[in-house]
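# Structural description and commentary
Chain residues, written in single-letter form:
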Amino acid sequence: MISDVEAMQAALVEARKAAEAGEVPVGAVAVIEGAIVARGQNRVLRDNDPTAHAEIVAMRAAAHAVSNYRLIGCTLYVTLEPCAMCAGAMIHARLDRLVFAAADPKAGAAGSVLSVLNHANLNHQMIVEQGMLSDEAAELLRHFFRERRLA
């Protein structure tokens, strides 16, 4: 049984791998029944795919792993607050729970800029928790963008 902290640490590993590949350092892992079933990292540049955010990559892999696009019983751990696209996909996937580290004051759709998740008019609600290992996730992002500005 993986703990919440261990799952977020695994998401941070994915974020570091994304940074090493020149992508914005965001990572995600999908956990079902206490085990990681899928991992994702930002791949928009490598795949030339504007939808290849870490959350989408992880949810696609999880859906394949369980042979179902509905990710019932799934918790998604993400290092950055999801955008509107990712939040919408989480609703359609019927995630049970989202745990994210750092807030995104420019594009966050879990309360920072928009409140897509758990909107009263939508047909699915999920547990949303934020802040776990947020300092480490935020520092990864700060370092990445600081290095890009210097380049």
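Notes on the structure in this doc start here.

What counts and what doesn't
- Residues numbered from 1 in each chain as written.
- Predicted model: local features only at pLDDT ≥ 70, side-chain atom pairs only at ≥ 80, totals over all residues.
- Heavy atoms only, no water.
- Helix = DSSP H or I, 4+ residues; strand = E, 2+ residues; numbered from the N terminus.
- Rg over C-alpha atoms; globule rule 2.2 N^0.38 Å.
- Contact = heavy atoms within 4.5 Å.
- Areas by Shrake-Rupley, 256 points an atom, 1.4 Å probe, with all protein chains shown as cover.
- Lys, Arg positive; Asp, Glu negative; His and termini not counted.
- Charge placed at Lys NZ, Arg CZ, Asp CG, Glu CD.
- Buried < 20%, exposed > 50% of the residue type's maximum accessible area, 1.4 Å probe, protein only.
- Salt bridge = Lys/Arg side-chain N within 4 Å of Asp/Glu carboxyl O.
- Phe/Tyr/Trp six-rings, centres within 6.5 Å; stacked < 30°, edge-to-face > 60°.
- Core = buried A, V, L, I, M, F, W, Y, C linked by side-chain atoms within 4.5 Å.

## Overview of the overall build of the chain
The secondary structure content of the chain amounts to 5 helices and 5 strands. When the helices and strands of the chain are placed in sequence order, the string is α-β-β-α-α-β-α-β-β-α. For 151 residues, the compact-globule formula gives about 15 Å, and the C-alpha radius of gyration of the chain, at 14 Å, lands near that figure. Seen through its principal axes, the chain has C-alpha atoms that stretch 45 × 30 × 30 Å. Sequence-distant contacts, at least 24 apart, represent 57% of the contacts inside the chain between residues at least 6 apart. For the chain, the computed accessible surface area is about 7600 Å², with 54% contributed by carbon and sulfur atoms. Of the side chains in the chain, 14 bear a positive and 17 a negative charge, and the two mean positions are spaced by 4 Å.

## Quick notes on the side chain of T75
Of note, T75 is situated in strand β3 (residues 74-80). Residue classification places T75 among the buried positions, given a relative accessible area of 11%. Setting aside residues up to four positions removed in sequence, T75 forms contacts with V29, A30, V31, R97 and V99.

## With respect to the pattern of salt bridges
The full count for this structure, using the stated rule, is 10 salt bridges. The shortest N-O distance in the salt bridge between E14 and K17 comes to 3.6 Å. Highlighted residues: E14 and K17, both in helix α1 (residues 4-20), separated by 3 residues, approximately one helical turn. On the accessibility criterion, E14 (5% relative accessible area) is buried. Note that R97 and E129 form a salt bridge whose closest N and O atoms lie 3.0 Å from each other. Placement of the pair is R97 in strand β4 (residues 97-102) and E129 in strand β5 (residues 127-130), with a sequence separation of 32 residues. Taking the relative accessible area as the measure of exposure, E129 reaches 33% and is therefore partly exposed. Each of D4, R97 and E129 takes part in salt bridges that share partners, so that together they form one network.

## Structural notes on the packing of aromatic side chains
With the rule as written, the count across this model stands at 1 aromatic pair. Taken together, a centroid distance of 5.2 Å and an interplanar angle of 85° make the contact between F144 and F145 edge-to-face. Residue F145 is classed as partly exposed on the basis of its relative accessible area, which comes to 34%.

## Here's the deal with the nonpolar core
Counting residues in hydrophobic clusters, the biggest one holds 46 residues, and the most contacted among them are M59, L71, L76, M90, L95, L98 and L117. Going through the elements one at a time, α1, β1 (27-32), α3 (54-66), β3, α4 (84-93), β4 and α5 (134-150) are the ones with two or more residues in this core. For M59, the residues in contact, after removing those within four places along its chain, are L71, L76, C86, A89, M90, A93 and L95.

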